[in-house]
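Listed here are the chains, written in short residue letters.
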Amino acid sequence: MSVPGSRPGVGSLPERARTAAALSWRAHPLATVGSVVIALVSGAAPVLTAWLTKLVIDGLATRQDLGRLLPVTAALAAAGLVLIAAPSLSTYVQGQLRRTLRTLIYDRLFAAVNMHPGLSRFEDPGFHDELRLGTEAGETAPDRLVTSSLAVGQALVTMAGFVATLAVINPPMVAIIIVAALPSVGVQLSLSRRRAAVQARITPNMRRQIFFGSLLTTPEAAKEVRLFGLGDFLRGLMLAELRTVNTAERDLDRSALRHHGLLSLLGTVVAGAGILWAVVSAAGGGISVGDVTVFVAAAAGVQAALGSLVGQWAEAHHALLLFGHYLAVVRDRPDLPIPAAPAPMPALRAGIELRDVWFRYSSDHAWILRGIDLFIPYGRSVALVGLNGAGKSTLVKLLCRMYDPDRGVIRWDGTDLREISPVDLRERIGAVFQDYMSYDLTAGQNIMLGDLAFAGDNGGDRIEAAAAEAGVHGTISALPRGYDTMLSRTFFGDHDQESGVVLSGGQWQRVALARALMRRHRDLLILDEPSSGLDAEAEHAVHMSLRRLRQGRTSVLISHRLGTIRHADLIAVLDDGRIVERGSHDDLIAAGGVYARLFDLQASGYEPAPATPGGDSVRTTTPRTRSSGR
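Structure report, in brief. (Residues numbered from 1 in each chain as written. Predicted model: local features only at pLDDT ≥ 70, side-chain atom pairs only at ≥ 80, totals over all residues. Heavy atoms only, no water.)

With that settled, consider the nonpolar core. In this structure, I447, I476, L513, I565, I571 and Y595 are the most contacted members of the largest nonpolar core, which totals 43 residues. Of all the secondary-structure elements, those providing two or more residues to this core are β3 (381-386), α11 (443-448), α12 (460-469), α14 (505-517), β7 (524-528), α15 (536-550), β9 (570-575) and α17 (594-604). Considering each element in turn, this core owes the most residues, seven residues, to α14. Not counting the four nearest positions on each side in its chain, I565 is found in contact with A383, V385, L557, S559, I571 and Y595. The next biggest cluster of nonpolar side chains, apart from the first, holds 36 residues, and it includes L369, L384, L570 and I579. (Core = buried A, V, L, I, M, F, W, Y, C linked by side-chain atoms within 4.5 Å. Buried < 20%, exposed > 50% of the residue type's maximum accessible area, 1.4 Å probe, protein only. Helix = DSSP H or I, 4+ residues; strand = E, 2+ residues; numbered from the N terminus. Contact = heavy atoms within 4.5 Å.)

What follows is the structure, encoded as structure tokens:
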């Protein structure tokens, strides 16, 4: 992954700086102004302190009247107070700015992520790398940019004051110190570019390291990790990625150490020569003791200000480079085209038509769907059948417009789905997917998410009704806090373990089904393996309930258990991305084709096997399977 430079959408470095400044102002105008004022005062205070110190020393050396020295001494004390108090005040004000800025940044970042109506971005590893960098940059880059910019302004004020001081005492010294600092500018900017490039390059390694580490700690993987003895193997993979990251960072740190060492040596030689000149001049009567004091402070101050200026400028430069990743995410176009004037979305009355639909996930992948022609009549149930990888779940994604077909068209009552707002389309659909989510929320919230209109106190009856239809109401009611029971132990400490409950796979399947049934009155109900995790008795009960719910409703059902879809009005058999058979269960059995073969294969698993030599028969069953559906 390259460092964002002139990519479309991320802008030039000056444009990024203006964007970051605008975000800072929008987040907290008062804190922004306060930070600038504190930086300017903090920059002027060291110069003022040096001059006041010179006046006090020269006054003492010439035995000035105490009445004339007291005001200067009081001003020196006030300047010292500013130097002491300013850092703490700056930390507080910038902390206020940082917190509000972080909230604004996260809000815009994830609002932009939510603007993608499809799935293509979320199934792209490159997007996840960009998002990780964008999240990190969004959290830190604007804050670092503001902080570094303020530090640059402070250093400029300090340097300007001390340069004027040196120009009064020894003008050539100004040019010598500035020229000696020029190499530092190039080195720091070069290092900032390298840091940004290294961070982008190692992001995939860091993502994989986090992934392997999570496999060692998540309960979902714990059983297989321990059964197969995968712990050391996964730990080795994690450490290999971590070592790659560490090597890249170490090489960069070594390079920075070499360059900074040489620059420090050069600065020391220049400062030493200046101090030697001041001491010799003072010994010969050329300048006063106070002049020596202010010269030493000015020489050290100019070098320190220059070092801070260059270092903070490099830091700001690095922050701007990384800020490009944030802008790339925020300004990214939606992954699916959204019509400017969406077609109206009436209730389904005729049906949904797929005409010559072709689809593949990218030009590097094989075709998943090949010329699909299918009509889903209003008020009827259509079942999709096929082996793993036949394209069933992909077809469902297209119906929900998570993707658009590469060729062909899908029409809702004659209207192309691409002319309809994805939000309006999905408001008409209820679905349970085979890779359903189990949210670390309460049981009631897990079901309520199926229809946010029932969030709050007004959704209790609807939630319980959906749970009852899914056959999970009794299970939830028996939990320690009923529907208010947290279905996770993730957010509880040891003393609260009794408050969180972990459901079995079959119970979670029913909760996910209840979530889908919150939308049971929508125009289209999609059930993708709705009972894959249930035992035979529960599966039968659920499908009997679903048969009643599907009566008179438009539904699409996917199941590898062919006995559960035999009552569908239409069964479409997919093979290698094509529909090879279609008809009712009886028609397809009579045809003796692919469907009949698969049905007989499953049915044979439940028939008595021939008697063994000992006189016993063996009854076998076909095991359940879960697949990606692609």
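After presenting the structure, the write-up continues.
Inspection of the sheet shows β9 paired to strand β10 (residues 578-583) by five bridges, in the antiparallel sense. Bridging across to β10, L574 finds its partner in I579. Count of turn residues in the β9/β10 antiparallel hairpin: two residues, of which D576 carries a positive phi of about 55°. (Pairing = 2+ DSSP bridges.)

The next thing to look at is the sheet that holds strand β1 (residues 351-359). What the four strands build is an open sheet, ordered β2-β1-β4-β5; its pairing is antiparallel. Strands with a single pairing partner mark the edges of an open sheet, and in this sheet they are β2 (369-377) and β5 (415-416). Taken together, the six bridges between β1 and β2 define a ladder with antiparallel strand orientation. Bridge pairing in β2 links V357 to I372. Running at roughly 120° to β1, helix α9 (residues 392-399) makes contact with β1, β2 and β4 (407-412) of the sheet. (Axes fitted to C-alpha atoms, helices over the stretch in contact; angles between N-to-C directions.)

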